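Each chain is listed here by its residues.
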Amino acid sequence: MFNPDQESMRPSQRRELQLERLRWSVRHAYEDNPYYRQKFQAAGLHPDQVRTLDDLRRIPFLTKQEMREQAPYGLFAVPLKDVVRLHASSGTTGDATVAGYTRGDIELWSTLMARTIASAGGGAEDVLQVAYGYGLFTGGLGAHYGGEKIGATVIPISGGNTERQLALIRDFGTTMLACTPSYAVNMVDYAARNLPWFDFRKTRLKRGIFGAEPWTEGMRQEIESRMGIDAFDIYGLSEVIGPGVACECSAKRGLHVFEDVFLVETIDPDTGEVLPEGSQGELVYTSLTKECCPVIRYRSRDISRLYRDTCPCGRTLVKMDKIYGRSDDMLIIRGVNVFPSQVESVILQVEGVEPHYEIVVDRQGALDDVEVRVEVSEAIFSDELKVMSALSDHIAARMRATLGISAKITLVEPDSIERSAGKARRVVDRRKP
Ligand SMILES: [Zn+2]
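## Quick look at the overall build of the protein
Across its full length, the protein carries 12 helices and 21 strands. A compact globule built from 433 residues should have a C-alpha radius of gyration of about 22 Å, and the protein, at 22 Å, falls within 12% of that. Dimensions of the protein along its principal axes, counting C-alpha atoms only, are 70 × 55 × 40 Å. Residue burial in the protein is summarised as follows: out of 433 residues, 56% are buried. By sequence separation, contacts in the protein at least 24 residues apart represent 65% of the contacts at least 6 residues apart.

See the structure below:
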């Protein structure tokens, strides 16, 4: 553990720390940011009224829409001269949100990413290849600073240029890889197709921290078996800080949330009602120590479940399940709610199917039509039509049985679905205007 005192703290002691920090954070937002102040006043709330952790519920939520409207500087709670870094969300679903960091915030973020690297078994001996994009996106620089903080040897290659990535893994003796899970799979595919002599097992690569998109157990097995490494899920949001909000440990079962610095709640996404731990719902984050951009009850739109267990790793931090999906990505198909990650977990259980797929949703008359385009191995694709149609029937049947949706399954040849060096695009929704 990078911060054993904080990560394995007695829960009752942590709650005291959280309360003390929550009171500071709410007061900071109220006193140093006019938008928060006006918002709290409109809700009839003064920071003095936050006396217990439960009082958090009296505070109104902060939405992504508000963050967009207040961009770039409307949610800053320090003068610009104290801000040393800006990042912005990719804005895939509209205008970007902007995050600022003081020197203290960068220090916090680096520490959280150092914790993340340590949680995946990494440390000062590691050669860390950062293949997340650098720039306004938080992935690259987040992993970079965490790597330096823990004393690893950092290779700042950024995303893309797959051939060079592979050459560096081989020549620089990379032991740890940081990128999106879909890009990790793309690297393996690229090597298999273009560099048949390249053998991941003959490199020093041992582990990877993969995040920035929801991914499944099936995808983990795919990456682990083909790269010969341990693959860990890491989680974060640029609106909260970037990567470094939660990560898996050696148990690979659930992600520990760094709740000494981010309070997390689960709510019903429709009613906003706070749900007890153990229920599936939307995660809501409150920063406890951030200086430039305090986030108070930020609705992440990520759907998961929080729970506590006695983890063999010794951390006492609350756990969240791997993200099921974002509420914006949830598809409603003929009234059934489906996340792309659920489709992924069904198809990856089928032999001969490659981890590349695309979900195309369209509307025929009044009804939604789903087509799942799935890549299959060369061997299957060149097989008889009979074999192909038996396979697609099999996938369709599993989809019906597990998810309750009737999808048309189209098997496509290897490499026919667009690859990405960052976040994969899984859904094409033609129903939207
Ligand atoms: Zn653990």
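## What to know about the coordination of the zinc ion
The zinc ion binds to the protein through Cys249 (SG), His256 (NE2), Cys311 (SG) and Cys313 (SG); the donor distances cover 2.1 to 2.3 Å. If you look at the zinc ion, its four donor atoms make angles of 104 to 115° with each other, and the shape they trace is tetrahedral. Of note, the zinc ion draws all its donor residues from one chain, in the sequence arrangement C-x6-H-x54-C-x1-C. Here Cys313 lies in the loop between strand E13 (298–307) and strand E14 (319–320) and Cys249 lies in the loop between strand E8 (242–248) and strand E9 (255–257), a separation of 64 residues in the sequence. The burial state of Cys249 is the same as that of Cys313; both residues are buried.

## Considerations on the sheet that holds strand E19 (residues 367–376)
The strand order across the open sheet built from four strands is E20-E19-E18-E21, with neighbouring strands paired in mixed fashion. Because the sheet does not close on itself, it has two edges, and the strands there are strand E20 (407–412) and strand E21 (427–429). On average, each strand axis in the sheet is inclined to that of its neighbour by 20°, with strand direction left out of account. Two elements, strand E18 (residues 353–364) and E19, share nine bridges in a ladder whose sense is antiparallel. Opposite Glu358, over in E19, you have Arg373 as the bridge partner. Along the sheet, helix H10 (residues 340–347) makes contact with E18, E19 and E21, crossing E18 at roughly 130°. Packing of helix H12 (residues 385–403) onto the sheet brings it into contact with E18, E19 and E20, and relative to E20 it is tilted by some 140°.

## Section: empty space enclosed by the protein
Counted by the stated rule, this structure contains two cavities of 30 Å³ or more. Roughly 80 Å³ of internal volume is contained in the largest cavity. Forming the walls of the largest cavity are Met67, Gln70, Ala71, Pro72, Gly74, Leu75, Phe76, Thr97, Val98, Cys293 and Pro294. Class assignment for the residues of the lining of the largest cavity results in eight nonpolar, three polar and no charged.

## Section: the state of the cysteines
Evaluated as defined, the whole model comprises zero disulfides. In this model Cys179 remains outside any disulfide bridge; the closest cysteine sulfur is found in Cys247, 16 Å from its own. Considering cysteine sulfurs only, Cys292 is the nearest to Cys293, which forms no disulfide, with 3.7 Å between them. The exposure class of Cys293 is buried, given its relative accessible area of 6%.

Rules behind the numbers
Residues numbered from 1 in each chain as written. Predicted model: local features only at pLDDT ≥ 70, side-chain atom pairs only at ≥ 80, totals over all residues. Heavy atoms only, no water. Helix = DSSP H or I, 4+ residues; strand = E, 2+ residues; numbered from the N terminus. Rg over C-alpha atoms; globule rule 2.2 N^0.38 Å. Buried < 20%, exposed > 50% of the residue type's maximum accessible area, 1.4 Å probe, protein only. Contact = heavy atoms within 4.5 Å. Donors = N, O, S within 2.8 Å, 3.2 Å for Na, K, Ca; no water. Tetrahedral: all angles 85-135°; square planar, octahedral: opposite > 155°, others 65-115°. Pairing = 2+ DSSP bridges. Axes fitted to C-alpha atoms, helices over the stretch in contact; angles between N-to-C directions. 1 Å grid on protein atoms, 1.4 Å probe; cavity = no way out; pocket = protein on both sides within 12 Å on 5 of 7 lines; lining within 4 Å. Points joined across faces, edges and corners; volume = space filled by probe spheres on them. Nonpolar A, V, L, I, M, F, W, Y, C, P; charged D, E, K, R; others polar. Disulfide = S-S within 2.5 Å.

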